[in-house]
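Fold and contact review
Residues per chain, in single letters:
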Amino acid sequence: MVSVLTKRADFLAANKGLRNARTGFVLLTRPNGGQGIRYGITVTKKIGNAVVRNRMKRRFRELLRSALPHHGLPDHDHVLIGRAGGVERDFQIMAAELEKVLARAADGKGDDARGRRPNRGNRQRQPGR
């Protein structure tokens, strides 16, 4: 059964898992210790106003509802993060991309960390500052 993530801690934990990015979204996957297939959606205010963000969330919700029962990773959390190109992107193209990304995650493959900033605790202080 597919259920929805509601706790912030679950979203933060998923951020430490595999990351697969595409033009319209980023998919985070992480094992959840036998709690079944769960999903969450995040769209920030950088994407647009409330109307645009809600439209994107509705599209993502439908993508996940159709893809996760067949292609989702069992006993994993799936978090879909919206990107700027996700609203205008064709729904069928995004569905195909989501299936590819889920297959990649099932193989244990994720994108490399290039371009991602380190956590605040990992930054080293520059001398003289």
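Residues numbered from 1 in each chain as written. Predicted model: local features only at pLDDT ≥ 70, side-chain atom pairs only at ≥ 80, totals over all residues. Heavy atoms only, no water.

1. Re the confidence of the model for the chain
With 87% of its residues at a pLDDT of 70 or more, the chain has an overall mean of 87. For the chain, the element scoring lowest by mean pLDDT is strand S1 (residues 2-4), at 88; strand S4 (residues 37-42) scores highest, at 94. (pLDDT = per-residue confidence, 0-100. Helix = DSSP H or I, 4+ residues; strand = E, 2+ residues; numbered from the N terminus.)

2. Some thoughts on the side chain of Glu97
Note that Glu97 resides in helix H3 (residues 91-106). Exposure remark for Glu97: the relative accessible area of 12% places this residue in the buried category. Apart from residues lying up to four places away in sequence, Glu97 is in contact with Arg22, Phe25 and Arg89. (Buried < 20%, exposed > 50% of the residue type's maximum accessible area, 1.4 Å probe, protein only. Contact = heavy atoms within 4.5 Å.)

3. Some words on the pairing of strand S5 (residues 76-82)
Counting buried residues along S5, 6 of its 7 residues qualify, which places the element largely inside the surrounding structure. Here 5 bridges tie S4 to S5, and the two strands are oriented parallel to one another. Within S5, the residue paired with Tyr39 across the bridge is His78. (Pairing = 2+ DSSP bridges.)

4. A short note on the packing of aromatic side chains
Applying the stated criterion across every chain, the model contains 1 aromatic pair. Summarising the aromatic geometry, the rings of Phe25 and Phe60 are spaced 6.4 Å apart at their centres and angled 80° between planes, so their arrangement reads as edge-to-face. Taken together, the residues Phe25 in strand S3 (residues 25-31) and Phe60 in helix H2 (residues 50-71) connect sequence positions 35 residues apart. (Phe/Tyr/Trp six-rings, centres within 6.5 Å; stacked < 30°, edge-to-face > 60°.)

5. Section: H3
With 16 residues, H3 should cover 22 Å at 1.5 Å per step; its first-to-last C-alpha distance of 22 Å lies within 8% of that length. Of the residues making up H3, those classed as buried are Met94, Glu97, Leu98, Val101, Leu102 and Ala105. The buried residues of H3 occupy an angular sector of 140° when projected down its axis, which confines them to one face. Opposite the buried face of H3, by more than 90 degrees, sit the exposed residues Gln92, Lys100 and Ala106. Here the buried face of H3 lies against strand S2 (18-21), S3, H2 and S5. Backbone geometry just downstream of H3 places Gly108 in the positive-phi region, at approximately 80°. (Expected span 1.5 Å × (residues − 1). Arc of directions from axis to C-beta.)

6. Observations concerning the sheet that holds S5
Ordered in space as S1-S4-S5-S3-S2, the 5 strands form an open sheet in which the pairing is mixed. Among the strands making up the open sheet, the edge pair consists of S1 and S2. Each strand of the sheet is rotated relative to its neighbour by a mean of 25°, with strand direction disregarded. As judged from the 4 bridges shared by S2 and S3, these two strands associate in the antiparallel manner. Across the sheet, Asn20 pairs through a bridge with Leu27, a residue of S3. Of the strands in this sheet, S1, S3, S4 and S5 are in contact with H2, which crosses S4 at around 160°. (Axes fitted to C-alpha atoms, helices over the stretch in contact; angles between N-to-C directions.)

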